[in-house]
Amino acid sequence: MEFSSKLLEKAVNEISQLPGIGKRTALRLVLHLLKQPKEQTGFLTQALVAMREEIKFCESCHNISDTAICEICSNTGRNHQLVCVVEDIRDVMAIENTGQFKGVYHVLGGKISPIDGVGPSQLKISTLVEKVKSGKLSEVIFALSSTMEGDTTNFYIYKQIADSGIIISTIARGIAVGDELEYADEVTLGRSILQRLPFEKAIKNN
């Protein structure tokens, strides 16, 4: 792709680094921005810079937040004894959109994947184990995607907390095997949360 401007080329190259954005799409986006008033581009730039510099991770659940403790964790109307374990913020958003879950979350920040070089120590697993050991939880729900990496992560965490005496469950397999949680429709995901199964039973059924 030939560019008449090095500045244009640099902008296209940077935007094309985003997931799912190729050079042609990046070019369309950049040309669109050039047609907008300068202040509009300034608003976008300011929003991105503010997000990158000021965004926080909740000290309790590791969800993305504007404050030290996120709105979900600071909500006294939620059941803080019920913790749903998810991969990232997209899964929190997906479950929240169902309106069926009234507990809190624990965001791992990924899944165990040796092929990708992601081990247990790189995820927020130790803080989840600490929560369980504190004796303040009544149930942990595994809500990771039903992939090999998701199942591996579930089983690893299960082995760490199995002797705690709390209920350990997993969302019902209304989510097709191999599916990512964020792509499930709200009705199916909501039912999967409500009809969750004891994790031990889920292991035996697989």
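What counts as what
Residues numbered from 1 in each chain as written. Predicted model: local features only at pLDDT ≥ 70, side-chain atom pairs only at ≥ 80, totals over all residues. Heavy atoms only, no water. UniProt positions renumbered as here; feature names shortened; annotations may be inferred. Helix = DSSP H or I, 4+ residues; strand = E, 2+ residues; numbered from the N terminus. Contact = heavy atoms within 4.5 Å. Salt bridge = Lys/Arg side-chain N within 4 Å of Asp/Glu carboxyl O. Buried < 20%, exposed > 50% of the residue type's maximum accessible area, 1.4 Å probe, protein only. Core = buried A, V, L, I, M, F, W, Y, C linked by side-chain atoms within 4.5 Å. Pairing = 2+ DSSP bridges. Right-handed = clockwise from strand over helix to strand, strands pointing away. Arc of directions from axis to C-beta. Polar contact = N/O pair within 3.5 Å; in protein donor to acceptor, adjacent residues only side chain to side chain. Patch = residues over 30% accessible without salt bridge, like charges linked within 9 Å, V, L, I, M, F, W, Y side chains within 5 Å. Areas by Shrake-Rupley, 256 points an atom, 1.4 Å probe, with all protein chains shown as cover.

- Going by an unreviewed UniProt entry, the protein chain carries the name Recombination protein RecR and comes from Flavobacterium palustre.
- Per its UniProt entry, the protein chain bears the Sequence similarities (unreviewed entry) comment "Belongs to the RecR family."
- As recorded by UniProt, the Function (unreviewed entry) comment attached to the protein chain reads in full: "May play a role in DNA repair. It seems to be involved in an RecBC-independent recombinational process of DNA repair. It may act with RecF and RecO."

**Re the environment of Val-83**
Here comes step 1: Tracing the backbone through its elements, the reader meets Val-83 in strand S3 (residues 79–86).
Here comes step 2: Placed 19 residues apart in sequence, Val-83 and Lys-102 show a C-alpha to C-alpha distance of 9.5 Å.
Here comes step 3: Setting aside anything within four residues of it in sequence, one finds Val-83 in contact with Val-104, Tyr-105, His-106, Leu-128, Leu-137, Glu-139, Val-140 and Ile-141.

**Thoughts on the pattern of salt bridges**
Here comes step 1: In the structure shown here, the tally under the stated rule is 4 salt bridges.
Here comes step 2: Between Lys-6 and Glu-9 there is a salt bridge, with the nearest N and O atoms lying 3.8 Å from each other. Of the two residues, Lys-6 and Glu-9 are both situated in helix H1 (residues 6–15); the distance of 3 residues between them amounts to about one turn of the helix.
Here comes step 3: Among the salt bridges present, the one from Glu-87 reaches Lys-111, with a minimum N-O distance of 3.5 Å. Placement of the pair is Glu-87 in the loop between S3 and helix H4 (89–98) and Lys-111 in the loop between strand S4 (103–107) and helix H5 (126–133), with a sequence separation of 24 residues. Each member of the pair Glu-87 and Lys-111 is classed as buried.

**With respect to the nonpolar core**
Here comes step 1: Counting residues in hydrophobic clusters, the biggest one holds 36 residues, and the most contacted among them are Val-86, Tyr-105, Val-140, Phe-142, Ile-157 and Ile-161.
Here comes step 2: When contributions to this core are tallied by element, the ones reaching two or more residues are S3, H4, S4, H5, strand S5 (139–142) and helix H6 (148–161).
Here comes step 3: For this core, the leading source of residues is S3, giving 5 residues.
Here comes step 4: The next biggest cluster of nonpolar side chains, apart from the first, holds 6 residues, and it includes Phe-3, Val-12, Ile-15 and Ala-26.

**Quick word on unusual backbone geometry**
The phi angle of most residues is negative, glycine excepted, and most peptide bonds adopt the trans form.
Here comes step 1: At His-62, a residue that is not glycine, the phi angle is positive and equals roughly 75 degrees.
Here comes step 2: Tracing the backbone through its elements, the reader meets His-62 in the loop between strand S1 (56–57) and strand S2 (64–65).

**What about the pairing of strand S6 (residues 167–170)?**
Here comes step 1: Bridge count for S5 against S6 is 4 bridges, and the pairing is parallel. By the bridge assignment, Phe-142 is partnered in S6 with Thr-170.
Here comes step 2: The parallel pair S5 and S6 is bridged by H6, and the resulting crossover is right-handed.

**Digging into H5**
Here comes step 1: Within the span of H5, buried status applies to Leu-128, Val-129, Lys-131 and Val-132. End-on view of H5: buried residues confined to an arc of 155 degrees, all on one side of the axis. Exposed side of H5, more than 90 degrees from the buried face: Glu-130 and Lys-133 are the residues found there.
Here comes step 2: Gly-135 sits one or two residues past H5 and shows a positive phi near 80 degrees.

**Overview of the side chain of Arg-78**
Here comes step 1: Along the polypeptide, Arg-78 turns up in the loop between S2 and S3.
Here comes step 2: Classification of Arg-78 as buried rests on a relative accessible area of 13%.
Here comes step 3: Polar side-chain contacts of Arg-78 include one of 3.4 Å to the backbone oxygen of Phe-101.
Here comes step 4: Ignoring any residue separated from it by four or fewer positions in sequence, one finds Arg-78 in contact with Ile-72, Glu-96, Phe-101, Lys-102, Gly-103, Val-104 and Tyr-105.

**Regarding the UniProt feature "zinc finger region: C4-type" (unreviewed entry) in the protein chain**
Here comes step 1: The feature "zinc finger region: C4-type" (unreviewed entry), as annotated in UniProt, sits at residues 58–73 in this numbering.
Here comes step 2: Strand forms 12% of residues 58–73 and helix 0%; the C-alpha atoms that close the span are 8 Å apart.

**A short note on a nonpolar patch on the surface**
Here comes step 1: Residues Leu-44, Leu-48, Met-51, Ile-55, Phe-57 and Ile-64 make up a contiguous nonpolar surface patch of about 530 Å² in total accessible area.
Here comes step 2: Of all the elements, helix H3 (residues 38–54) adds the most residues to the nonpolar patch, at 3 residues.
Here comes step 3: Tracing the chain through its elements places Leu-48 in helix H3.

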